[in-house]
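So the chains spell out like this:
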Amino acid sequence: MRISLNWLRELVEIKLSPEELAETLTMAGFEVEEIEDRRTWANGVVIGKVLERQPHPNADKLSVCQVDIGADETLNIVCGAANVKADIYVPVATTGTYLPNIDLKIKPAKLRGVASQGMICSLKELGLPTDVDGIHIFTQENLPLGSDVRPLLGLDDVILDLTATANRADALSMVGVAREVAALTGGKLSIPEPGEVSIPKNAGNLALKIADTQACPAYIGTVIEQVKIAPSPEWLQQRLRAAGVRPISNVVDITNYVLLEWGQPLHAFDLSRLQSVASSDLTIGVRFANHGESLKTLDGQTRTLASQNLLITANDKAVALAGVMGGEETEVYQGTQSLVLEAALFDSVAIRRSSRSAGLRSEASGRYERGVNRAELEVANRRALSLISELASGILVQQEIADTRPHPSTWRRSIALRLDRVNQILGPIELGEDTGELQEQDVERILTALGCQLTPSDNVPGEDTTHQSRWSVSVPPYRYRDLEREIDLIEEIARLYGYNKFCDTLPEKAEAGYLPLDEELIRKLRAFLRAEGLTELIHYSLVKPGEDRQIVLSNPLFVEYSALRNDLISGLIDAFQYNLEQGNGALNGFEIGQIFWREEDGLQETEALAGIVGGDISLGKWSKSGREEPITWFEAKGILESVFRQLGLQVEFQPDRRDDRLHPGRTASLWIQGNSLGIFGQLHPQLRREKGLPNSVYVFQLDLDVLLDSLGQDEMLVPTFQPYSTYPASDRDIAFFAPVKISVAEIQKLITKAGKDLLESVELFDEYRGENVPQGQRSLAFRLVYRASDRTLTEAEVEPVHNKVREALVEKFGVNLRS
């Protein structure tokens, strides 16, 4: 918000320089982003009177003027403005003046052979906005010649561009900033209190109908007649320009002025236009929009409304977007003679949703979203009505009020505050060379300056009351939304006392930092996946809706991102397709992220690890004569197995066909110690064709919690030495026909169990299907390695164990042994 110091000085006593005030506000949490010193814009510019104007002898568009600036001699000035003439008062930049807005220093010069001893200025050259093309002409009479021009143009001012935090809605007004400055500096407040306005009690043609009192707790509508629309007085225009607001007309300027002064948005409707829309006795209402309803707002755009747009209506026809912007059809214009002035409170959530839905933000909506002070609605309304009566000659005819606010006694909140808790949270303060604690008088002085009322309260029975003080703190209505708990009051004490006055000592003994176990394991997992050639990917958690058990947002920013993802694989497939279409080749990557889904007992969330690989993963094709050799199912599976091996995990692969996106014959579920770990498989041919992907694309998704639980076991965390045998091994091959439905993993598990005493390893080295193999079966061949740690095994020792393995295979799976 742009703060005019001239305006602020009328509200609060200021003894600090602009720079010191900016530093004080910034240290208190109100960052001053820029100091705009307007005094430098026209330093050296004075009031002059054009005595005579003659055409330039050598230029058609130039004039030679004799200008009196109250000096001993008149100035001869060459001017190129078309509106210059005799007997007018103008701003004159004398020789030596520097105009920073146009980066020009005035020097004696000759223009087309005629000497010029200064420059008659336009408002643009002095840094002020204007619609006039030419020099500025003062409308006042008998101005003192040679006097400083800055007070007349509002350039004897300094503007602070102040940013308030989102919780400080009160700081979006001059009155709010004045209260803050008074609390920080001890300056005396001089906030104007509008007097009572006289409104006849006679019934009129205006009625109110508030359909949703929660969205609109209070609405005041005032009928004003015999209004004379005209430009605002100069003082009002200057204050609006200083705040960055363009003056329009006296009525509109007054509503903007009160908005800046009190932070209360107002809106003026043209009464005759409202009645033409209503076509009968006028009833102003507040309701939410119907689907497909439209409204043309003041910015000239016709907006199609949604059900979350809050409207002001005239006999149920939309005339304004409540709390955001008025409608063009009922706006005040030059011919306006009667008004309805709206002063209302709207729910912050309702306005925020309405503003976002319409894609429209305004000064009014920004204040309603943060929360407008409900206790000063009538004050702001009276201020506007008195100004309209004074500046626009308006006569107040009727006022209707719809008020469902709670009783004013509830507008102040009481909070218990303990001195020992204040010092416990904030710590010691610096007192010269010594340190100390905040005292009772410090707390009382600060909170009283903020407008709080402190009442000493009794201590809790049984507690040690030594050096303890307690208060019941009554919070003023304009800080009701901000100060809710004891910790909020403690924050205010620290802010106003000065953060830089508290000790910044470090703890006496620091501890070495460490990573949590889960984070350490995840980092190790990431490193192993990168070592396998996979790149880590990051996607948004928000996706398109339409999946089963999906969690859909009730108030999304975009329809394309309106649901939470329930797996990572879909995002990886889309990323693979996008990279392929962009000419980046096959994407080999992994992602670690949260997934969400809906269960009967509520919403669920977990962290998952997923990956995708495909295409030819080799870097060069020279060894293959440039031919593509897509990665096979076993090579892709080997990437996972390599990671599991480095982590020391024993993961079992079992056939699976539950995921429709994956090939039913090339998909496996992963299990670890009887717990479901995840899934791995090749993309289904139909999905591959739809996406335009290569034939060999493989994906996996693992439950990270299950994986970390397995890695977090003590036997996994502490590596143990495995002794190796110095004696030779004895290996045996075993071949047999086995039903296809029996997986190799099941066979290996049985072999390991049967030969556990001497068996060191089992390895599948051959698979065959086709001629001489029975239908529905396949030929498998395994190599079994037997070894003892203390001796060389003999045939007599190996053969019984090997026979036990053969018998177990026949008994359990009914295999047909070939060797």
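As shown above, the structure is provided for reference.
Reference entry: report on the structure contained in this document. Since this is a predicted model, take the numbers as computed values, not measurements. (Residues numbered from 1 in each chain as written. Predicted model: local features only at pLDDT ≥ 70, side-chain atom pairs only at ≥ 80, totals over all residues. Heavy atoms only, no water.)

### A short note on the pattern of salt bridges
For side chains of opposite charge, pairing can occur when their charged atoms come near one another. As a reminder of what qualifies: Salt bridge, as used here: a side-chain nitrogen of Lys or Arg that lies within 4 Å of a carboxyl oxygen of Asp or Glu. For the purposes of this entry, the term helix denotes a DSSP run of H or I that reaches at least four residues, the term strand denotes a run of E that reaches at least two, and both are numbered from the N terminus. Throughout this description, buried means an accessible area under 20% of the type-specific maximum (1.4 Å probe, protein chains only), exposed means over 50%, and partly exposed covers the range between.
One pass over the full model with this rule turns up 47 salt bridges. Between Glu492 and Arg495 there is a salt bridge whose closest N-O contact spans 2.6 Å. With Glu492 and Arg495 both in helix α13 (residues 486-497) and three residues apart, this pair spans about one turn of that helix. Per residue, the accessibility class of Glu492 equals that of Arg495, and both read buried. The closest approach of N and O atoms between Glu591 and Arg565, which form a salt bridge, is 3.1 Å. Of the two residues, Glu591 is situated in strand β33 (residues 589-599) and Arg565 in the loop between β32 (563-564) and α15 (569-581); the sequence distance between them amounts to 26 residues. Given the relative accessible area of 2%, Glu591 is considered buried. When its relative accessible area of 6% is taken as the criterion, Arg565 is described as buried. Several salt bridges converge on common partners, so that one network encompasses Arg168, Asp170, Glu180, Arg479, Asp482, Glu492 and Arg495.

### Overview of helix α21 (residues 795-813)
We apply this condition: Multiplying 1.5 Å by the helix residue count minus one yields the expected span of that helix. Taken from the helix axis, the directions to the C-beta atoms give the arc we talk about. It only takes one pair of heavy atoms within 4.5 Å for two residues to be counted as in contact.
Helix length check: α21 (19 residues) gives 27 Å between terminal C-alpha atoms against 27 Å at 1.5 Å per residue, within 8%. Residues of α21 that are buried include every one of Val798, Val801, His802, Val805, Ala808, Leu809 and Phe813, and no others. Along the axis of α21, the buried residues cluster in a sector spanning 115 degrees; they form a single face. Of the residues in α21, the exposed ones pointing more than 90 degrees away from the buried face are Ala796, Glu807 and Glu811. Against β39 (730-739), α20 (744-754) and β41 (777-786) lie the buried residues of α21. One or two positions beyond α21, positive phi appears at Gly814, with a value near 65 degrees.

### So, the packing of aromatic side chains
Selection rule: Ring geometry is summarised as follows: Phe, Tyr and Trp rings, the Trp one being its six-membered ring, pair when their centres sit within 6.5 Å, and such pairs are stacked at plane angles under 30 degrees, edge-to-face over 60 and tilted between the two. Either the NZ atom of lysine or the CZ atom of arginine qualifies as a charge over a ring when it sits within 6 Å of the ring centre and within 35 degrees of the ring normal.
Applying the stated criterion across every chain, the model contains nine aromatic pairs. Pairing Phe346 with Tyr368 gives two aromatic rings, centres 5.1 Å apart and planes at 70 degrees, and the pair type is edge-to-face. Pair noted here: Phe346 is in the loop between β22 (339-345) and α8 (348-358) and Tyr368 is in helix α9 (residues 363-370), with a separation of 22 residues, a long-range link. For the pair shown, Phe346 and Tyr368 are each scored as buried. Each member of the aromatic cluster is reached from another via a ring pair, and the members are Trp633, Phe634, Phe680 and Tyr698. The lysine or arginine in question, Lys501, covers the ring of Tyr497, its NZ or CZ lying 5.3 Å from the ring centre. The ring of Phe653 has Lys637 lying over it, and the distance from NZ or CZ to the ring centre is 4.6 Å.

### Some remarks on the layout of surface pockets
Quick reminder of the rule: Grid points spaced at 1 Å and placed over the protein atoms alone form the basis of the search, with a cavity being a set where a 1.4 Å probe fits but cannot get out and a pocket an open set showing protein on both sides within 12 Å along at least five of seven lines. Lining residues have an atom within 4 Å of a point. Grid points are joined across faces, edges and corners, and a volume is the space filled by probe spheres set on the points. Three residue categories are used. Nonpolar comprises Ala, Val, Leu, Ile, Met, Phe, Trp, Tyr, Cys and Pro, charged comprises Asp, Glu, Lys and Arg, and polar comprises the others, including Gly.
Reported here for the largest pocket is a volume of approximately 2,000 Å³. Residue lining of the largest pocket: 50 residues in total, with Lys637, Glu641, Phe653, Ala745 and Gln748 positioned closest to the centre. Secondary structure elements with two or more residues in the lining of the largest pocket: α16 (633-647), β35 (652-655), β36 (662-672), α20 and β40 (759-768). A per-class count over the lining of the largest pocket returns 20 nonpolar, 15 polar and 15 charged. The volume enclosed by the second largest pocket comes to roughly 1,400 Å³. If you go around the second largest pocket, you meet 42 residues; those closest to its centre are Asn566, Asp567, Ile569, Ser570 and Arg661. Sorting the residues of the lining of the second largest pocket by element identifies β30 (542-543), α15, β33, β34 (602-614), β37 (675-683), α17 (685-691) and β38 (697-703) as the ones contributing at least two each. Take the lining of the second largest pocket: its biggest share by element is six residues, from α15. Its residues placed into classes, the lining of the second largest pocket shows 15 nonpolar, eleven polar and 16 charged.

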